[in-house]
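What follows is each chain in one-letter form.
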Amino acid sequence: DDMQAGDVRKKIGDDMILGVSAHNVKEALTAEKNGADYIFQTDSDGQTKPEQFDRFWDIREQYDAVIGHRTRREDGRSRAFVEKVVCMMLKMYFGVKVPDANAPFRLMKADVVKKYLYNMEPDFNLPNIMMTTFFVYYGENVKFKPIAFKPREKGTNSINIKKIIKIGCKAQKDFRKFKKKMAEE
């Protein structure tokens, strides 16, 4: 059985590292509030390789976040194209250059994640993209590490061109709001 981070923290004390897996903003907020030291995120479709985790864990102390970089994608050209467009939009809106904004394989220090989580609504649609943007924009120590990215093994692809356009339009509105807020700081 999975235990809540707060219960685990009580059992192991403050001297041990506690890592928590989070799938969305709400879960990351809960993990951080309950004493997680690290937040790890990966996809649930079997596209990443769990054995790559050790390479991230081994360098965790050197960086605030270690984020996967899908140098070769086996999930279709359309998704790779969308990722390139997203990275281009981040460069235009925020002046950040990232190789992979939405990679679903990342290990992040919870205290650094906390600094930016509260800028997003709990149901925000693109938290990976904005978290990557915040990290780079504000100069956090980030390492983009190549990862393998296989074809989907589980689930069904819920993204189609109509949905991508809808998400893209909403993202532009959100990016404008974030950019305005960031410029005011």
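Residues numbered from 1 in each chain as written. Predicted model: local features only at pLDDT ≥ 70, side-chain atom pairs only at ≥ 80, totals over all residues. Heavy atoms only, no water.

A. Region of interest: the overall build of the protein chain. Helices and strands together make up the secondary structure of the protein chain, namely seven helices and five strands. Seen in sequence order, the protein chain has helices and strands lined up from the N terminus as α-β-α-β-α-β-α-β-α-α-β-α. The buried share of the protein chain, reckoned over its 185 residues, is 44%. Partitioning the intrachain contacts of the protein chain with sequence separation of at least 6 by distance along the chain shows that 73% fall at a separation of at least 24. With the model as given, the accessible surface of the protein chain reaches about 11,000 Å², and the carbon-plus-sulfur share is 51%. (Helix = DSSP H or I, 4+ residues; strand = E, 2+ residues; numbered from the N terminus. Buried < 20%, exposed > 50% of the residue type's maximum accessible area, 1.4 Å probe, protein only. Contact = heavy atoms within 4.5 Å. Areas by Shrake-Rupley, 256 points an atom, 1.4 Å probe, with all protein chains shown as cover.)

B. The packing of helix H4 (residues 77–94) against helix H6 (residues 127–137), seen in detail. Following both chains from N to C, one finds H4 and H6 inclined at 45°, their axes separated by 12 Å at the closest point. The orientation of H4 with respect to H6, classified from their angle, is oblique. Viewed along their axes, H4 and H6 form a crossing whose handedness is right-handed. Where H4 abuts H6, its residues Val86, Leu90 and Phe94 lie against Ile129, Met130, Thr133 and Tyr137. Partitioned by chemical class, the residues of the contact of H4 with H6 number six nonpolar, one polar and no charged. (Axes fitted to C-alpha atoms, helices over the stretch in contact; angles between N-to-C directions. Parallel < 35°, antiparallel > 145°, perpendicular 65-115°, else oblique. Left-handed = near helix turned anticlockwise from the far one by under 90°. Nonpolar A, V, L, I, M, F, W, Y, C, P; charged D, E, K, R; others polar.)

C. Broad picture of the environment of Phe53. Along the chain, the position of Phe53 falls in helix H3 (residues 53–57). Through-space distance from the C-alpha of Phe53 to that of Ile147 is 9.7 Å; in sequence the pair is 94 residues apart. Beyond its immediate sequence surroundings of up to four residues, Phe53 is in contact with Phe40, Phe105 and Leu107.

D. Quick peek at the environment of Tyr38. Tracing the chain through its elements places Tyr38 in strand S2 (residues 38–42). As for Tyr38 and Ala65, which are separated by 27 residues in sequence, their C-alpha atoms are 9.3 Å apart.

E. Here's a closer look at the pairing of strand S4 (residues 105–109). Burial analysis of S4 places five of its five residues in the buried class, which makes it a mostly covered element. Burial along S4 is two-sided: Phe105, Leu107 and Lys109 and Arg106 and Met108, pointing in opposite directions, are all buried. Both S2 and S4 contribute to a ladder of five bridges, which runs antiparallel. Each bridged residue has a counterpart across the sheet, and for Gln41 the counterpart in S4 is Arg106. Alignment of strand S3 (residues 65–73) against S4, held across three bridges, turns out to be antiparallel. The residue bridging Ile67 from the neighbouring strand is Arg106, located in S4. (Pairing = 2+ DSSP bridges.)

F. Inspection of the nonpolar core at higher detail. Among the nonpolar cores identified, the biggest contains 36 residues, and Leu90, Phe94, Phe135 and Phe175 are the most heavily contacted of them. At the level of secondary structure, the elements contributing two or more residues to this core comprise helix H2 (25–33), S3, H4, helix H5 (110–117), H6, strand S5 (142–149) and helix H7 (161–184). Residue contacts for Leu90: discarding those within four places in its chain leaves Gly95, Val96, Val98, Ala101, Ile129, Thr133 and Phe175. Of all hydrophobic cores here, the second largest spans nine residues; its members include Ile59, Tyr63, Val66 and Ile147. (Core = buried A, V, L, I, M, F, W, Y, C linked by side-chain atoms within 4.5 Å.)

G. Molecular detail of the side chain of Asp100. Counting through the fold element by element, Asp100 comes out in the loop between H4 and S4. Judged by relative accessible area, Asp100 falls into the buried class, the value being 1%. Looking at Asp100, its side chain comes within polar contact range of the side chain of Arg70, at 2.8 Å. Polar side-chain contacts of Asp100 include one of 3.3 Å to the backbone nitrogen of Ala103. Once residues lying within four places of it in the same chain are set aside, the contact partners of Asp100 are Ile67, Gly68, His69, Arg70, Glu83, Cys87, Thr132 and Phe144. (Polar contact = N/O pair within 3.5 Å; in protein donor to acceptor, adjacent residues only side chain to side chain.)

H. Here's a closer look at the confidence of the model for the protein chain. Chain-level pLDDT for the protein chain is 83 on average; 82% of the residues reach the 70-or-more range. Confidence scores differ between elements of the protein chain, with strand S1 (residues 19–21) showing the lowest mean pLDDT of 59 and H6 the highest of 94. (pLDDT = per-residue confidence, 0-100.)

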